[in-house]
Amino acid sequence: MRHIPFLLRAGAAVVAVSALQAASASADPGGTTPTPTGFNKYLVYMAESSAAPGESTLGMDPATVNYFQSHVMGRTPAQIAADKTAAKEFFFDRFGLDFRSTQADAMGQEMIPGAMFTGFYQSPQVNYRAYTISGESVPASGWEVRDGGWAVMLTQETVVHGAFGGPDGKTLPAGAMLVYGNYNIRVEKPGNQSSRRPHPQPEPIVMHYQSFTPIVADANGNIGFICDLFHPVWGVGRARGVVQGGSIRSVLSFPPGRS
């Protein structure tokens, strides 16, 4: 697994500084960030990992994967199985990688020549947090982003087809990764101090994401990612981010009219 820097360091990097400046400048005096004209929603995530150098920050063992799926996402075993099946269908349709009939080993991993399918859950040590969400008053400490799902990692250079590679295929290097998962943002709002009744815990903000393009490191180990996003109210959007060492910067936007 040493050839998969994104999974072992799960770190992060610098997306557009101008986008982050715009996020800060757009907040009104009351602290609620307005939604930019021409968009349904936008968010900014950042992370600075506190993990020790070389420490894995992405859990792929069955217990950790099940914790994310059952505890964080609140899925039943049948719903987890359905989500896993949907992920395999996506990897086949989008990239032509067929895990539809493979079975998991004791570590929860499934293999085909040149590629591995696994579940994952990003460690809280990554400190991945949403600092800007339009329409919300997010505190300076941000809101925790729980990030997990299913991934395919290429164990050798591979030609992929599907909608991405087409009939002629596109060659991806060993270490490239494809993802299908969920962002689950823990919304933390202050309780009503004047009321004797407990303040109800806000519902998390949940959205689905899937790879628009493969996640591939450049010669310096920096990683860019582009994922399609799906939210029941905001519609279809896209996340664009950069990973560099132990840092992540990501901007998510939901323009109107996308399907």
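Before reading on, note that the structure itself is shown above.
Residues numbered from 1 in each chain as written. Predicted model: local features only at pLDDT ≥ 70, side-chain atom pairs only at ≥ 80, totals over all residues. Heavy atoms only, no water.

Trainee: It is not clear to me how the pattern of salt bridges should be interpreted in this structure. Could you clarify?
Mentor: Any two side chains of opposite charge can pair, given that their charged atoms come close. Evaluation of the coordinates by the stated rule reveals seven salt bridges. Taken together, the shared-partner salt bridges in this structure form one network comprising Lys 84, Lys 88 and Glu 110. (Salt bridge = Lys/Arg side-chain N within 4 Å of Asp/Glu carboxyl O.)

Trainee: Any chance you could explain the nonpolar core here in plain terms?
Mentor: Soluble globular proteins: nonpolar side chains tend toward being buried together. Counting 35 residues, the largest nonpolar core has Leu 43, Tyr 45, Tyr 128, Tyr 183, Ile 185 and Met 207 as the members making the most contacts within it. Not counting the four nearest positions on each side in its chain, Tyr 45 is found in contact with Tyr 128, Arg 129, Ala 130, Val 145, Tyr 183, Ile 185, Met 207, Ile 248, Arg 249, Ser 250 and Leu 252. In this structure, Ala 87, Phe 90, Ala 115 and Leu 178 belong to the second largest nonpolar core, which totals 20 residues. (Core = buried A, V, L, I, M, F, W, Y, C linked by side-chain atoms within 4.5 Å. Buried < 20%, exposed > 50% of the residue type's maximum accessible area, 1.4 Å probe, protein only. Contact = heavy atoms within 4.5 Å.)

Trainee: Explain the packing of aromatic side chains here, please?
Mentor: Aromatic ring pairs are described here by two measures, namely the spacing of the ring centres and the angle between the planes. Applying the stated rule across the entire model yields 14 aromatic pairs. Summarising the aromatic geometry, the rings of Phe 90 and Tyr 180 are spaced 5.6 Å apart at their centres and angled 40° between planes, so their arrangement reads as tilted. With Phe 90 in helix α4 (residues 77-95) and Tyr 180 in strand β9 (residues 177-185), the pair connects residues that are 90 residues apart, well separated along the chain. Taking 5.3 Å as the distance between ring centres and 65° as the angle between the ring planes, the aromatic pair formed by Trp 234 and Phe 254 counts as edge-to-face. Of this pair, Trp 234 sits in the loop between β12 (223-231) and β13 (235-244) while Phe 254 is found in strand β14 (residues 247-254), placing the two residues 20 residues apart along the sequence. (Phe/Tyr/Trp six-rings, centres within 6.5 Å; stacked < 30°, edge-to-face > 60°. Helix = DSSP H or I, 4+ residues; strand = E, 2+ residues; numbered from the N terminus.)

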